[in-house]
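Below are the chains, spelled out letter by letter.
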Amino acid sequence: DAGVTQSPTHLIKTRGQHVTLRCSPISGHKSVSWYQQVLGQGPQFIFQYYEKEERGRGNFPDRFSARQFPNYSSELNVNALLLGDSALYLCASSPPASSGTQYFGPGTRLTVL
Amino acid sequence: SQQGEEDPQALSIQEGENATMNCSYKTSINNLQWYRQNSGRGLVHLILIRSNEREKHSGRLRVTLDTSKKSSSLLITASRAADTASYFCATDAAGGSEKLVFGKGTKLTVNP
């Protein structure tokens, strides 16, 4: 079975630009969550989507937005990039009636210059 | 903000030794999980312990949970060089939210 996939693997942008990151969950998983991991820190929760509805939002500015598609894949969009947005962006999926375990993709490394 | 704090921040041991990492958290939880991360890549789920459990084993892993002290420990027995990674504890708040709150992690180095 394929795990969670994310694209692209790496991305370099300049300040002020916008970026779209993509995630495909494990087949059968309907919940997708996004996390930001700054170097040397643990992941921080950004969004959770379930059945195309936003179920939770972390303490991030409105420059961050996301959506989930009918096939349960998801996009994370970040506008007006700042240097501080440089991080590893992780997507995780979980099955229906999950015990709480989330399955993470390999991440997208975003560098903002 | 980080919910948990892992201790120590870094740990260096020899192959064959045991490694113990601790985690403290702040709020009531449904369960606590431990994840492993190799070199800034994705996280791999290791083990989940529910709030009504005190100890759980999985292969060379042993996890304990003390909800009265809001703390957990992860023991890796007979460590191998391949165990070198960062280890994170993650909690989800009581109330059903799937949001995971991670600590800053313990960086484990196992020397051959």
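The structure this text deals with has already been given above.
Since we're looking at a predicted model, the values are computed, not measured. (Residues numbered from 1 in each chain as written. Chains lettered and ligands numbered in written order. Predicted model: local features only at pLDDT ≥ 70, side-chain atom pairs only at ≥ 80, totals over all residues. Heavy atoms only, no water.)

**Q** Any chance you could break down the overall build of chain B for me, citing the residues and the numbers?
**A** The secondary structure content of chain B amounts to zero helices and eleven strands. Secondary structure elements in chain B, listed N-terminal to C-terminal, are β-β-β-β-β-β-β-β-β-β-β. Projected onto the principal axes, the alpha-carbon positions of chain B cover approximately 45 × 25 × 20 Å. Scored against the burial criterion, the 112 residues of chain B give a buried share of 45%. Considering chain B, the positive charge centre built from 14 side chains and the negative charge centre built from 11 side chains are found 3 Å apart. (Helix = DSSP H or I, 4+ residues; strand = E, 2+ residues; numbered from the N terminus. Buried < 20%, exposed > 50% of the residue type's maximum accessible area, 1.4 Å probe, protein only. Lys, Arg positive; Asp, Glu negative; His and termini not counted. Charge placed at Lys NZ, Arg CZ, Asp CG, Glu CD.)

**Q** How would you summarise the nonpolar core if you had to cite specific residues and measurements?
**A** A:W34, A:I46, A:L76 and A:Y89 are the most contacted members of the largest nonpolar core, which has 22 residues in total. Not counting the four nearest positions on each side in its chain, A:I46 is found in contact with A:W34, A:Y35, A:Q36, A:G56, A:R57, A:G58, A:F60, A:F64, A:L76 and A:Y89. (Core = buried A, V, L, I, M, F, W, Y, C linked by side-chain atoms within 4.5 Å. Contact = heavy atoms within 4.5 Å.)

**Q** So what's going on with the side chain of A:Q48? Which residues, and what values?
**A** Within the fold, A:Q48 resides in strand β5 (residues 44-50). Of the polar contacts made by the side chain of A:Q48, one reaches the side chain of A:S31; its length is 2.9 Å. Residue contacts for A:Q48: discarding those within four places in its chain leaves A:S31, A:V32, A:S33, A:E53, A:E54, A:R55, A:G56 and B:E98. (Polar contact = N/O pair within 3.5 Å; in protein donor to acceptor, adjacent residues only side chain to side chain.)

**Q** Give me the lowdown on the interface of chain B and chain A, citing residues and values where you can.
**A** Listed per partner, the contact involves 20 residues of chain B and 21 residues of chain A. Summing both sides of the interface, chain B and chain A together bury roughly 1,700 Å²; the carbon and sulfur share of this comes to 48%. Counting every contact that joins chain B to chain A gives zero salt bridges. The tally of links from chain B across to chain A stands at six residue pairs in polar contact (both at pLDDT 80 or more). At the level of secondary structure, the elements contributing two or more residues to the side of chain B that touches chain A comprise β4 (29-37), β5 (43-50) and β10 (100-102) of chain B. Its residues assigned to classes, the side of chain B that touches chain A shows six nonpolar, nine polar and five charged. (Buried area = accessible area lost by both parts, 1.4 Å probe. Salt bridge = Lys/Arg side-chain N within 4 Å of Asp/Glu carboxyl O. Nonpolar A, V, L, I, M, F, W, Y, C, P; charged D, E, K, R; others polar.)

**Q** Before we move on, can you summarise the environment of B:L75 with the specific residues and values?
**A** Residues and elements named next belong to chain B. Following the sequence through the fold, L75 ends up in strand β8 (residues 71-76). Classification of L75 as buried rests on a relative accessible area of 17%. When the C-alpha positions of L75 and T20 are compared, they lie 4.5 Å apart, and in sequence the two are 55 residues distant.

**Q** I'd like a rundown of the state of the cysteines, residues and numbers included.
**A** Residues and elements named next belong to chain A. In this structure the tally under the stated criterion is two disulfides over all chains. In this model C23 forms its disulfide with C91; the gap between the sulfur atoms is 1.8 Å. The disulfide joining C23 to C91 has a torsion of about -65° about its S-S bond and is therefore left-handed. Remark: C91 occurs in strand β9 (residues 87-94) and C23 occurs in strand β3 (residues 19-24); sequence separation between them is 68 residues. Pair check on accessibility: C23 and C91 agree, each one buried. (Disulfide = S-S within 2.5 Å.)

**Q** I'd like a rundown of the sheet that holds strand β7 (residues 64-68) of chain A, residues and numbers included.
**A** Residue and element names in this part refer to chain A. Taken together, four strands build an open sheet; the order of strands is β1-β3-β8-β7 and the sheet is antiparallel. Two strands lie at the open edges of the sheet, namely β1 (5-7) and β7, each paired on one side alone. Between one strand and the next, the sheet's axes are offset by a mean angle of 15°, whatever the strand orientation. Where β1 lies against β3, three bridges are found, and the strand directions are antiparallel. By the bridge assignment for β3, S7 is matched with R22. (Pairing = 2+ DSSP bridges. Axes fitted to C-alpha atoms, helices over the stretch in contact; angles between N-to-C directions.)

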